[in-house]
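Geometric and topological summary
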Amino acid sequence: MSLPAPQPALDAAEHDLAAISLAVTKKLPIGQKPEPRGQPEIWAESRHHLCESLSGLYASWQGSYYGKSGVAKAFMLDGNGHARDHLDENVIVLRASGSMAKDGDNGMKQREDQEPNHQYHAMVNAINQQSPVAVICGDKNSQVPSKMPHKYNSLDWYKVTHVWTERDRFNVIKYRLEKLESATTGWWVPRDSEPVVELGALGSPVKAHCGSCSSNYDQIYLCGWMCLNSKCEKFWCLPDGDTPDPAQLIYDLRFLKQKTSWVNEQAPISFRFPLYTASAIAGEDYKVENLRGMTCPECGKCNARVKWEGWECTGCGFEHMPRINPLPAASIQDQNYPVTDAYPSSYDSALSHVKLSVEFSHNYRWITYKFNVSATEEGEVVHGIANRVVREETGGPNEMWEDLQTNCHGLVRRELSNALMNSFTINYGMPYKFIAAGESLPFTDAPWPVTEAVSRLNWADRMTSGTAVKDQENFNELYLVAYLQDQSMSYHDDGEKGLGSTVATLSLGGRAEMNFRPKSPFYHGMKTIHYKKKRMTVMTKDDPLPEFPNYEMRKQFLTEIRNGNLSEDEEHERLAEMATALRAAYPSKQSHTKVDDYIKLSLGHGDIVIMRGAHLQKYYEHGVTPKGLMRYALTCRTVLPGHLKESELPNYEVDLTQNEYDGSRIAK
Ligand SMILES: O=C(O)CCC(=O)C(=O)O
Ligand SMILES: [Fe+2]
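Worth saying up front: this structure is predicted, and the values here are computed from it rather than measured.

This next bit is on the overall build of the chain. Secondary structure summary: the chain contains eleven helices and 34 strands in total. With respect to the principal axes defined by its C-alpha atoms, the chain has extents near 100 × 65 × 50 Å. Going through the 668 residues of the chain one by one, you find that 51% of them count as buried. Split by element, the accessible area of the chain, about 31,000 Å² in all, is 49% carbon and sulfur. Side-chain charges in the chain split into 72 positive and 85 negative, and the spacing between the mean points of these groups amounts to 3 Å.

So this is what it looks like as structure tokens:
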């Protein structure tokens, strides 16, 4: 049909439509919403647990939209909707996500036009492929007609039916979704309520094509048909040429409540995913698939996998602890990194200013990497590369590896600022807070490889300390980390206050890359701080090392600051100017934030790493990326006497005097 004639006033039929439309789109404030008639299939209390449990379907840690391979998969509808968003028993209208910025303390505000982007195209793909999207609703959503029982709640599967652009202050891309199965009533429909309008009951929407750009659109608002192509000169114009008054934009229910048929209207998968069943194949249980959280089969709560032993629902107590099938030591052999009875070759690398020395003893190749860790201290990282004799020794890495898999219990992913650490850990001996605080257990409760590792690492430390300053005390703490496939530890330091300056680790299982680099503020000499409520980038006051960018300039600046006798305000002002000057001095393509690794170690099964130097932890950081299916790192530290407060001291003896390892069986 052609454009409908301009209609200055609504006729009687449209009056009725407007009245029902207002009834259908009326929203109650969140606090006044009625109870829903049912419960969601799945729900979550935190985004972390939700995303880990629904990985593959919805894994968007911040945004509302989730897509994969160019096709839309899911939406999370929480706060921050658009004024004309809508959600009823079977239809949702929402704005495309993105293009928003913080608006003071008042939440988010759109700051630019939305253009068709990857999300828009993924929605078009979902329409064309008739591929349903999942919708999750948060308890801050003001559109949903009932009170949300949990923080995050699954609604249902939806058909994407329309994408178009509207205009506010900026162009806004909008989507219409329609419930996939129309025969069932959504659990979120208020109790004791009847649908005001059934889908399709009002007939088809008004359709027209634009005389200017020839695009076809449905009429969305009762005030008249508009071209919804943002590139067209007639975009968002009513037939009389005016743009609509936003207050008059009442939905045309023939658009909102139309019924779209898809060939297949069956949900692709239940939101309650099947539970992981332990595999008979050794190693399968360590695969990343086994790290997905659990959508509880009893109560629907999403629970990340927190415990090494399996899954636990914190909603109803349901447990799923399949017996895992350990990976024998023989299967750790990797033909790309052959290990024999000879001294093994190295796969490490280091930047040229790092000084290397190498020694061979006890069937280990010991490589020492020395470098300045501050202007006053040289530190070192020692990598002991184990050969087959070491690995196969009685009580050695192979036996430790096999024993730990069956006998080391109680590992958990510790809580870390509203999320969970990305590996499983347990602490023995003196308490060690590390990045995330956790409990500590006495060594007497540990499986034998734990005390064996402490003894071996003390031996390795004595063996290799040479002229380096040696801590007076032996190690009295062991932090055990277990990594499943694809888990890793991002850059961090081990420099908790009150620890000895030596840290030593024994690696068991799959190969891992361990990298060391100076921390960015130390290396680049700049950091961002908050001073008197102002965010500012200032020069750092640590002495630079000769290999750092702008070395001479920083030294001069530091001399000026140290002799300057400035007040606190003046000093901050000057340090900010210096940071600006440092930044300006970088060659155009050089990053002023990125830092290259000084050393990259390739750690094999049975290898030992020893870090020495107090400033190594203060100014440098290390990160570990395991490459195999499964790996343990057993790291020892010395918690110095007097470090812990009375209340933090363990209520058990930390006694490790028995069975000192002496390396005699592998001496060569
Ligand atoms: O995985 C490793 O080898 C080391 C782990 C680590 O850096 C730590 O526990 O602090
Ligand atoms: Fe560490």
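Of note, N125 is situated in helix 3 (residues 118-128). Along the backbone, N125 and V160 are 35 residues apart, and their C-alpha atoms lie at a distance of 9.4 Å. Excluding its chain neighbours within four sequence positions, the residues that come into contact with N125 are G70 and V71.

It is worth spelling out the coordination of the iron ion (ligand 2) at this point. Every protein donor of the iron ion (ligand 2) is accounted for by H492 (NE2), D494 (OD), D494 (OD) and H622 (NE2), and the metal-donor separations fall at 2.1 to 2.8 Å. In this structure, the iron ion (ligand 2) is coordinated by six donor atoms arranged in irregular fashion, with angles at the metal of 51 to 172°. One chain supplies every donor to the iron ion (ligand 2), and in sequence these donors are spaced H-x1-D-x127-H. Both residues of the pair, H492 and D494, belong to the buried class.

Per the counting criterion, the structure on display carries 27 aromatic pairs. Judged by centre distance (6.2 Å) and plane angle (70°), the rings of Y58 and Y66 are edge-to-face. You'll find Y58 and Y66 in the same group, each marked buried. Among the aromatic residues, ring-to-ring pairing joins F371, F522, Y523, F548, Y598, Y619 and Y620 into one connected group. The ring of W308 has R305 sitting right over it, with the charged end atom 5.9 Å from the ring centre. Here R517 stacks its cationic end above the ring of Y491, 3.5 Å away from the centre of that ring.

It is worth spelling out the domain arrangement of the chain at this point. Domain annotation for the chain reports domain 1 (12-256), domain 2 (284-320), domain 3 (354-516 + 600-640) and domain 4 (520-584). Relative to domain 2, the C-alpha centre of domain 1 lies at a distance of 32 Å. Counting the surface lost from both domain 1 and domain 2, the interface buries some 960 Å², and carbon and sulfur atoms represent 54% of this. Put simply, domain 1 and domain 2 have one salt bridge between them. The partner of E45 in a salt bridge is K301, with the nearest N and O atoms 2.9 Å apart.

Overall, antiparallel pairing links the five strands, which are arranged 17-31-28-33-26 in an open sheet. Each edge of the open sheet is held by one strand with a lone partner, namely strand 17 (349-350) and strand 26 (489-492). One ladder, built from two bridges, connects strand 26 with strand 33 (residues 620-626); its direction is antiparallel. Residue pairing across strands places H492 opposite H622, the latter belonging to strand 33.

With that out of the way, let us pick up the site of ligand 1. What surrounds ligand 1 is a group of 14 residues, the closest being Y483, H492, D494, R631 and R637. For ligand 1, an oxygen atom lies 2.5 Å from a polar atom in the side chain of Y483. Between D494 and ligand 1, the recorded distance is 3.1 Å, taken from a side-chain N or O atom to an oxygen atom. When ligand 1 is considered free in solution it has 300 Å² of accessible area, and contact with the protein chains removes 100% of it. Going through the elements one at a time, strand 25 (477-484), strand 26, strand 33 and strand 34 (630-637) are the ones with two or more residues in the shell around ligand 1. With four residues, strand 34 is the single largest residue contributor to the shell around ligand 1.

Quick look at helix 6 (residues 397-407) now. Turning to helix 6, its buried residues number three or more, namely P397, N398, M400, W401, D403, L404 and Q405. On its buried face, helix 6 is in contact with helix 5 (388-392), helix 7 (448-464), strand 25, strand 27 (502-509) and strand 34.

The subject of this paragraph is the UniProt feature "domain: Fe2OG dioxygenase" (unreviewed entry) in the chain. As annotated by UniProt and renumbered to match this structure, "domain: Fe2OG dioxygenase" (unreviewed entry) occupies residues 474-640. The distance separating the terminal C-alpha atoms of residues 474-640 is 10 Å; by composition the span is 25% helix and 38% strand.

Let us now look at the side chain of H605. Within the secondary structure, H605 sits in the loop between strand 31 (599-603) and strand 32 (608-612). Polar side-chain contacts of H605 include one of 3.0 Å to the backbone nitrogen of G509. Beyond its immediate chain neighbours, meaning those up to four positions away, H605 contacts I332, A386, R391, P397, N398, W401, S507, L508 and G509.

Let us now look at the packing of helix 9 (residues 551-563) against helix 10 (residues 568-584). At their nearest, the axes of helix 9 and helix 10 sit 11 Å apart, and the two run at 170° to each other. If you check the angle between helix 9 and helix 10, you find them roughly antiparallel. Of helix 10, the residues touching helix 9 (which contributes M553, R554, F557, E560 and I561) are E571, R574, L575, M578, A581 and L582. For the contact of helix 9 with helix 10, a count of residues per class yields seven nonpolar, no polar and four charged.

To continue, consider the nonpolar core. Of all hydrophobic cores here, the largest spans 43 residues; its most connected members are W308, L478, L480, Y632 and L634. Residue-level mapping places this core at the junction of two domains, with at least three residues from each of domain 2 (284-320) and domain 3 (354-516 + 600-640). Judged by nonpolar contacts, the second largest core, of 37 residues, contains I385, V481, V503 and M514.

Here is what the cut-offs are and how they apply
Residues numbered from 1 in each chain as written. Chains lettered and ligands numbered in written order. Predicted model: local features only at pLDDT ≥ 70, side-chain atom pairs only at ≥ 80, totals over all residues. Heavy atoms only, no water. Helix = DSSP H or I, 4+ residues; strand = E, 2+ residues; numbered from the N terminus. Buried < 20%, exposed > 50% of the residue type's maximum accessible area, 1.4 Å probe, protein only. Areas by Shrake-Rupley, 256 points an atom, 1.4 Å probe, with all protein chains shown as cover. Lys, Arg positive; Asp, Glu negative; His and termini not counted. Charge placed at Lys NZ, Arg CZ, Asp CG, Glu CD. Contact = heavy atoms within 4.5 Å. Donors = N, O, S within 2.8 Å, 3.2 Å for Na, K, Ca; no water. Tetrahedral: all angles 85-135°; square planar, octahedral: opposite > 155°, others 65-115°. Phe/Tyr/Trp six-rings, centres within 6.5 Å; stacked < 30°, edge-to-face > 60°. Lys NZ or Arg CZ within 6 Å of the ring centre and 35° of its normal. Domains from an automatic or database assignment. Buried area = accessible area lost by both parts, 1.4 Å probe. Salt bridge = Lys/Arg side-chain N within 4 Å of Asp/Glu carboxyl O. Pairing = 2+ DSSP bridges. Near = heavy atom within 4 Å. Polar contact = N/O pair within 3.5 Å; in protein donor to acceptor, adjacent residues only side chain to side chain. UniProt positions renumbered as here; feature names shortened; annotations may be inferred. Axes fitted to C-alpha atoms, helices over the stretch in contact; angles between N-to-C directions. Parallel < 35°, antiparallel > 145°, perpendicular 65-115°, else oblique. Nonpolar A, V, L, I, M, F, W, Y, C, P; charged D, E, K, R; others polar. Core = buried A, V, L, I, M, F, W, Y, C linked by side-chain atoms within 4.5 Å.

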